[in-house]
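Chains, contacts and geometry: an overview
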Amino acid sequence: VMDTRSAEADLYIASPDEIVFAQNMTSHTFALSRALATTWTEGDEIVLTRMDHDANVAPWLRAAEDRDVTVRWVDFENYVFAPDAFDRVIGSRTRLVAVTAASNALGTVTDIPAISRQVRQTDALLFVDAVHAAPHRLIDVKAWDVDFLVSSAYKFYGPHIGILYGKAEHLESLPAYKVRPAPEHGPGRWENGTQSFETLAGVTAAVDYLASLGEGSSRREQLAAAYDAIGSHEARLGDRFLAGLAEFDHVQLFGVEEGDRTSTFSIGVDGLDDVALVNLLAEQGIYATHGSYYAVEVMKSLGQEGLVRIGFVHYNTLDEVDAVLSALDDLG
């Protein structure tokens, strides 16, 4: 377990005693929402965004309902947050700001340090969903100055397990809902039951795999170099895809065409719903996902029942991007 805490601490720039494991990201968020809600009182406020995966929305909505706490929403405009979007809703009664580091539907990368600076002007805590960001961007919880951050190892090529970072003082002081034999101190007080040790070994292997893509004298240096290379390669793939989409009148992109984004794209094709489109792509050997991808508020904001999501990562090639574009071109 300690080996895995150390590996994940290298990935997050944290201390091993600030790393907690659970079944998945959603489990972490529900557990933490229950604990944080005990510190809220009627009239307090929390801030959620329309850009987030529902695992970073529904748990907080339920906790707010239980405690009669007001929910303030941050909308996105042209697939990004307006510069003053959080200023409009963060105030003296704000107790929590929950936000995504990167949208799993829109591909938008959020400026977490900027949001953190706004949050630090209040007594609120900052919770960051980095599930979609983790395979694409280097995480630094200290530089970002977040209170909590969570990701899922399956997103960065490991097993399905959720990994929570929490500032040590929060993990120690908040009430953990646990069985009595669980530790009274440290991250173990947040980990219910016997851990899945084989899964934890897979997490360490996934972090070591990412580190193997870069060079350096330490695992963290290797990870930093690896993410530089990953970012450069994925940017080339994304630019090629965006340039190709610009040639099509029958394909609509739901996401930014310029600026900081991951190589993840939600699209629609004229005359086809998301199910028909994903099946036609599958017939040409192209795997994509469809629906809402649990980005419920995103789809509501876009007025869409569902879209098709196409993603490229570091092991994809320009030829594969061209193959997707060719398949889409055939649908025109």
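Heads up: these notes are all about the structure in this document. (Residues numbered from 1 in each chain as written. Predicted model: local features only at pLDDT ≥ 70, side-chain atom pairs only at ≥ 80, totals over all residues. Heavy atoms only, no water.)

**Here's the deal with the overall build of the chain**
Regarding its fold elements, the chain presents 11 helices and 11 strands. Computed over the C-alpha atoms, the radius of gyration of the chain is 20 Å, within 12% of the 20 Å expected from 2.2 N^0.38 for a compact globule of 332 residues. The principal-axis extents of the C-alpha atoms in the chain amount to approximately 60 × 45 × 30 Å. Residues counted as buried form 54% of the 332 residues belonging to the chain. Long-range pairs, those at least 24 residues apart, make up 66% of the contacts in the chain with a sequence separation of at least 6. By element, 48% of the accessible surface of the chain is carried by carbon and sulfur atoms, the whole surface being about 14500 Å². (Helix = DSSP H or I, 4+ residues; strand = E, 2+ residues; numbered from the N terminus. Rg over C-alpha atoms; globule rule 2.2 N^0.38 Å. Buried < 20%, exposed > 50% of the residue type's maximum accessible area, 1.4 Å probe, protein only. Contact = heavy atoms within 4.5 Å. Areas by Shrake-Rupley, 256 points an atom, 1.4 Å probe, with all protein chains shown as cover.)

**Some words on the sheet that holds strand 10 (residues 289–291)**
Pairing between the strands of a sheet is mediated by backbone hydrogen bonds and can be parallel or antiparallel. The strand order 8-9-11-10 describes an open sheet built from four strands, whose pairing is antiparallel. The open sheet has two edge strands with one neighbour each: strand 8 (251–253) and strand 10. The mean angle between the axes of side-by-side strands here comes to 35 degrees, regardless of whether they run parallel or antiparallel. Direction of pairing for strand 10 relative to strand 11 (residues 307–311): antiparallel, over a ladder of three bridges. Paired with Thr289 across the bridge in strand 11 is Arg309. Contacting strand 8, strand 9 (264–269) and strand 11, helix 8 (residues 219–245) runs over the sheet at an angle of about 15 degrees to strand 9. Each of strand 9, strand 10 and strand 11 is contacted by helix 9 (residues 274–283), which is oriented at about 35 degrees to strand 11, the strand it contacts most. (Pairing = 2+ DSSP bridges. Axes fitted to C-alpha atoms, helices over the stretch in contact; angles between N-to-C directions.)

**Here we look at the environment of Tyr293**
Summarising the element assignment, Tyr293 is placed in the loop between strand 10 and helix 10 (296–302). By relative accessible area, which is 8% here, Tyr293 ends up buried. Along the primary structure Tyr293 and Asn104 are separated by 189 residues, whereas in three dimensions their C-alpha atoms are 7.6 Å apart. Discounting residues that sit within four places of it in the chain, Tyr293 has contacts with His53, Asn104, Ala105, Ser266, Met299, Leu307, Val308 and Arg309. Looking at Tyr293, its side chain comes within polar contact range of the side chain of Ser266, at 3.2 Å. Here Arg309 takes part through its backbone nitrogen, which lies 3.4 Å from a polar atom of the side chain of Tyr293. (Polar contact = N/O pair within 3.5 Å; in protein donor to acceptor, adjacent residues only side chain to side chain.)

**Observations regarding the sheet that holds strand 2 (residues 45–49)**
The seven strands lie next to each other as 1-7-6-5-4-2-3, forming an open sheet whose pairing is mixed. The open sheet terminates on both sides in strands that have one partner only, identified here as strand 1 (19–22) and strand 3 (70–74). Along the sheet, successive strands turn relative to each other by an average axial angle of 20 degrees, direction set aside. For strand 1 and strand 7 (residues 162–166), the ladder comprises four bridges, and the chain directions are antiparallel. What sits directly across from Phe21, in strand 7, is Ile163.

**Thoughts on the environment of Val47**
Looking at the element boundaries, Val47 is found in strand 2. Each C-alpha atom of the pair Val47 and Met2 lies 34 Å from the other, and the pair is 45 residues apart in sequence. Once residues within four sequence positions are removed from consideration, Val47 is found in contact with Arg72, Val74, Phe86, Val89, Ile90, Thr94, Leu96, Val97 and Ala98.

**Some words on unusual backbone geometry**
In this structure, Ile13 is a non-glycine residue whose phi angle is positive, near 65 degrees. Along the chain, Ile13 turns up in the loop between helix 1 (2–12) and strand 1. Located in the positive-phi region is Tyr79, a residue other than glycine, with phi close to 75 degrees. Relative to the assigned elements, Tyr79 resides in the loop between strand 3 and strand 4 (94–100). For Tyr79, a relative accessible area of 19% corresponds to the buried category.

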